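Per-entry structural report
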Amino acid sequence: MTLRLGAVADDYTGASDLANTLTKAGLRTVQTIGVPDPALALPDVDAVVVALKSRAIPADDAVALSRAACGWLTERGAAHVMFKVCSTFDSTDAGNIGPVMDALRADLGAATILVSPAFPETQRTVYQGHLFVGTVPLSESPLKDHPLNPMHDSNLVRVLARQSAGRIGLIDLATMEAGPEAVRARCAALAETGIGAAIADAVFERHLEVMGIVALDQPVSVGASGLGLGLARALGRAGPDRATAAAPLAALGGPAAILAGSCAAATLEQIRIAETVLPVLRLAGAALVTERARAVAEALAWARERLPHGPVLIAASGTPEEVAALQARFGRTESGHAIEQASADLAEGLVAAGVRRLVVAGGETSGAVVDRLGLPAFLLGPEIAAGVPVLATVGAPLEMRFALKSGNFGGPDFFARALEAMP
Ligand SMILES: Nc1ncnc2c1ncn2[C@@H]1O[C@H](COP(=O)(O)OP(=O)(O)OP(=O)(O)O)[C@@H](O)[C@H]1O
Ligand SMILES: O=C(O)[C@@H](O)C(=O)CO
């Protein structure tokens, strides 16, 4: 297998979002969970997205994991490696975007590289280095209340400069609009002043295409699915009408369930809408932290009673006020971690109860669930909503279908749509 593109993703939902974009653009793609075991038989693909759970761990650990994944990809022929980060640039002043970017640039000997979380399909646009989520700047969006990395600065040049050892430049929209040669000239000028990474503005797909073409000049780039689209188009030299490489997946049947650990505004609304069509159990955050075993056992008993009659949804998710109260009592990391582990316990219990189709909302939550179930890789099926595909297990003892939904992705009826898309 010689890869045309390699990617290292900092969480599992983000990885499936990128793998979905590459697949839709015609690249046969597989998502692996961490660096694959040599014994894992991977299908013949054009691109591999190595999913890490490295967004909210200590920066040194994120760097080590990302370097190992990048090395594995380049050994398999990937001449370009994309570091997939969140389209809302989820990070803190300690990292991990900057430290990982610095390490991959050094390992691969890159000059000035492009960095852009723009993903216009999900209303993430970048103008003058400022990230907009829909119509509002990042710092006024629901991301200001994120449980693990609240985003209070929309200026990504500033945000990345606080995380990186190097200085950060900007490639503004006028330059992106002027096309690849103008962007190349700007990169060369930045390189001369010792600037090794630049935030690239992008508002429309045509800017992503320019970004993809220029990004390939260097061995590494950093961004979200929009950059992935640009890279795939540049590699395939194909237009937007290129056929999807999604695998046709057979129906599995059997019980289905939804687990929500995301506290994003979109997820909270999706849970509210789901309540009108299926049984929903809302768990108390404090009970999950202090009496996890009992709370999980009760939730599983509730689910086992209902699963023979149809899908169920179990949600730990809380409102910003509830999250703040829980964190004030138990600490941010401690409460987040305890609830992620409770979600993993629930997933394990649901699979033991026969569930073979599972929807998980939240990146960290999905990471905890997928790790607990010991799943090595996923093949990409059809898209459910922008950034969320159906995933089929590869190399796992049990054949299962998953949808790993990024917190802010999907419309209000996402959960019903996801269940329909994975019969
Ligand atoms: N009621 C709650 N109170 C406090 N923290 C919670 C609560 N419910 C869930 N959490 C924690 O909030 C975090 C949510 O992060 P997660 O990455 O799963 O979702 P997200 O950030 O919305 O998704 P994404 O990263 O895909 O955008 C997890 O650590 C989860 O355990
Ligand atoms: O880019 C995004 O917004 C998502 O793929 C993601 O990474 C959220 O966790």
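Per chain, residues are indexed from 1 in the order of the written sequence. Chain labels run from A onward and ligand labels from 1 onward, assigned in the order the entries are written. Reporting in this predicted model follows two pLDDT cut-offs: at least 70 for local features of residues, and 80 or more for side-chain atom pairs to be given and counted; totals over whole chains, interfaces and linings ignore these cut-offs and use all residues. For the side-chain quantities, the full set of heavy atoms in the structure was used; hydrogens and water were omitted.

Before going further, it helps to examine the site of ligand 2. Around ligand 2 sit Asp11, Thr13, Gly14, Asp17, Arg55, Lys84, Val85, Cys86, Ser87, Ser406 and Phe409, and those are all the residues in its vicinity. Take Asp11: an N or O atom from its side chain is 3.0 Å from an oxygen atom of ligand 2. Residue Arg55 places a side-chain N or O atom 2.7 Å away from an oxygen atom belonging to ligand 2. Here the Shrake-Rupley method, with its probe set to 1.4 Å, supplies the accessible areas, and only the displayed protein chains count as covering residues. Burial of ligand 2 by the protein amounts to 94% of the accessible area it has alone, namely 270 Å². We count a stretch as a helix when DSSP gives it H or I for four or more residues in a row; a strand needs E for two or more, and each element gets its number in order from the N terminus. Tallying contributions element by element places helix 1 (residues 12-24) first for the shell around ligand 2, with three residues. Class assignment of the residues belonging to the shell around ligand 2 gives a composition of three nonpolar, four polar and four charged. The rule for a residue being near a molecule or strand is that one of its heavy atoms must lie within 4 Å of it. Any pair of nitrogen or oxygen atoms within 3.5 Å is treated as a polar contact; in protein, a donor-acceptor pairing is required on top of that, and neighbouring residues in sequence qualify only through side-chain atoms on both sides. Gly is put with the polar residues, along with every residue not named as nonpolar or charged; the nonpolar set is Ala, Val, Leu, Ile, Met, Phe, Trp, Tyr, Cys and Pro, and the charged set is Asp, Glu, Lys and Arg.

What follows deals with the UniProt feature "domain: Four-carbon acid sugar kinase nucleotide binding" (unreviewed entry) in the chain. UniProt positions are given in the numbering used here, feature names are shortened, and annotations may be inferred rather than shown by experiment. As annotated in UniProt, the feature "domain: Four-carbon acid sugar kinase nucleotide binding" (unreviewed entry) corresponds to residues 257-415 in the numbering used here. For residues 257-415, the helix share is 48%, the strand share is 23%, and the end-to-end C-alpha distance is 10 Å.

This paragraph deals with the site of ligand 1. Around ligand 1, the surrounding shell holds 24 residues, and the nearest of these are His146, Ser262, Glu340, Glu364 and Thr365. At 2.7 Å from an oxygen atom of ligand 1 is found a main-chain nitrogen or oxygen belonging to Glu364. Note that an oxygen atom of ligand 1 is positioned 3.1 Å from one of the backbone N or O atoms of Gly407. Summarising the interface, the protein chains cover 96% of the accessible area of ligand 1, which totals 640 Å² for the free molecule. Elements supplying a minimum of two residues to the shell around ligand 1: helix 12 (320-330), helix 13 (332-352) and helix 14 (363-373).

Let us look at unusual backbone geometry. In this chain, Gly95 is followed by Asn96 through a cis amide linkage whose omega measures 10 degrees. Notably, Gln123 is not glycine yet its phi reads approximately 65 degrees, a positive angle. For every residue, the accessible area (1.4 Å probe, protein chains only) is compared with the maximum for its type, and the residue is labelled buried under 20%, exposed over 50%, or partly exposed between those bounds. Exposure remark for Gln123: the relative accessible area of 47% places this residue in the partly exposed category. For Gln128, which is not glycine, the phi torsion reads 50 degrees and is therefore positive. Mapped onto the elements, Gln128 comes out in the loop between strand 6 (124-127) and strand 7 (130-133).

Moving on to the nonpolar core. By size, the foremost hydrophobic cluster in this structure holds 114 residues, and its most contacted members are Phe89 and Leu358. We call two residues contacting when some pair of their heavy atoms lies within 4.5 Å. Not counting residues up to four positions away in its chain, the partners in contact with Phe89 are Ile97, Val115, Pro117, Leu131, Met151, Leu156, Val159 and Leu160. Take the buried residues of types Ala, Val, Leu, Ile, Met, Phe, Trp, Tyr and Cys, join any two whose side-chain atoms come within 4.5 Å, and each joined set is a nonpolar core. Judged by nonpolar contacts, the second largest core, of 23 residues, contains Val280, Val388, Val390 and Ala418.

The calculated volume of the second largest pocket comes to roughly 330 Å³. The distinction between a cavity and a pocket rests on a 1 Å grid over the protein atoms alone: a 1.4 Å probe fits inside a cavity but cannot get out, while a pocket stays open yet meets protein on both sides within 12 Å along at least five of seven lines, and a residue with an atom within 4 Å of a point counts as lining. Lining the second largest pocket are 19 residues, and of these Arg55, Ala56, Ile57, Leu148 and Thr333 lie nearest its centre. Partitioning the lining of the second largest pocket into residue classes produces six nonpolar, eight polar and five charged. Domains are outlined according to an automatic or database domain assignment. Counting contributing residues per domain, the lining of the second largest pocket is built from domain 1 (5-237) and domain 2 (256-421), each supplying no fewer than three. Grid points are joined across faces, edges and corners, and a volume is the space filled by probe spheres set on the points.

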